[in-house]
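Remarks on the overall topology
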Amino acid sequence: MTSDQYCNNLTSVKNICKTTQFPDLCYKSLVPKIGSNANPQLIYKQSAELALSEISKASLDFAANGPLEQLIQKKLPNNRLALSALESCRTFLSLASYNVNNTLSSSTGVTRDDIRTWLSAANADLETCKYGFADLAEDVRNVVVDRLKNSTEFTINSLAIITEIDKCERSKMDANKN
């Protein structure tokens, strides 16, 4: 397949979503927003905006006096480890949001490597949040993992999409060298 054919395949939401870890989620969430064909950059932008939106939703669950704090107070009253993990998650969710938001920046000088770094950092932030609950009651831990599921999956998909776009650009550059 030539670089042009490879890159043209990335205008199909279905094709670009096939490269992600969660292709069904990718496809079902993007097509209603942008249709079945779009510029790969738009596909990425919409994917990252969905990740950011899901992180914002999760942040509400982790907020002070929010659903997770209420659950912890009910199941593990005054458990310092659980409350500390919850507070840490607030910070990690804020960092994840900041990192994904950076990828949507139109600042000059932002490279795809920067975008991949920020998305990887956002995913690490979400995973670190989950790890804070590793030694706590399984039912609480499961709720935390469930509340972060969409944020994590959309972030991972966004990383895969930008990686595919980068592969396309690199293959074009390599073809032009020859």
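The structure displayed is predicted, hence computed values, not measured ones.

About the cut-offs
- Residues numbered from 1 in each chain as written.
- Predicted model: local features only at pLDDT ≥ 70, side-chain atom pairs only at ≥ 80, totals over all residues.
- Heavy atoms only, no water.
- UniProt positions renumbered as here; feature names shortened; annotations may be inferred.
- Helix = DSSP H or I, 4+ residues; strand = E, 2+ residues; numbered from the N terminus.
- Buried < 20%, exposed > 50% of the residue type's maximum accessible area, 1.4 Å probe, protein only.
- Expected span 1.5 Å × (residues − 1).
- Arc of directions from axis to C-beta.
- Contact = heavy atoms within 4.5 Å.

1. Examining the UniProt feature "domain: Pectinesterase inhibitor" (unreviewed entry) in the protein
UniProt annotation of "domain: Pectinesterase inhibitor" (unreviewed entry) refers to residues 8-161 when read in the numbering used here. Its end C-alpha atoms 14 Å apart, residues 8-161 is made of 78% helix and 0% strand.

2. Thoughts on the environment of Y131
When you line up the elements, Y131 lands in helix α7 (residues 112-131). With 26 residues separating them along the chain, Y131 and S105 place their C-alpha atoms 29 Å apart.

3. Some details on unusual backbone geometry
One non-glycine residue, N65, adopts positive backbone phi at about 60°. By the element assignment, N65 lies in the loop between α4 (40-62) and α5 (67-75). At N78, a residue that is not glycine, the phi angle is positive and equals roughly 55°. Within the secondary structure, N78 sits in the loop between α5 and α6 (80-103). For N78, a relative accessible area of 61% corresponds to the exposed category.

4. Looking at helix α3 (residues 23-34)
Here α3 is twelve residues long and its end C-alpha atoms lie 16 Å apart, about the 16 Å a rise of 1.5 Å per residue gives. Of all the residues in α3, the buried ones are C26, S29, L30 and I34. Each buried residue of α3 lies within a common arc of 105° when the element is viewed along its axis, so the set occupies one face. Along α3, the residues that are exposed and aim more than 90 degrees away from the buried face are D24, K28 and P32. Packing partners of the buried residues in α3 comprise α2 (13-18), α4 and α8 (138-177).

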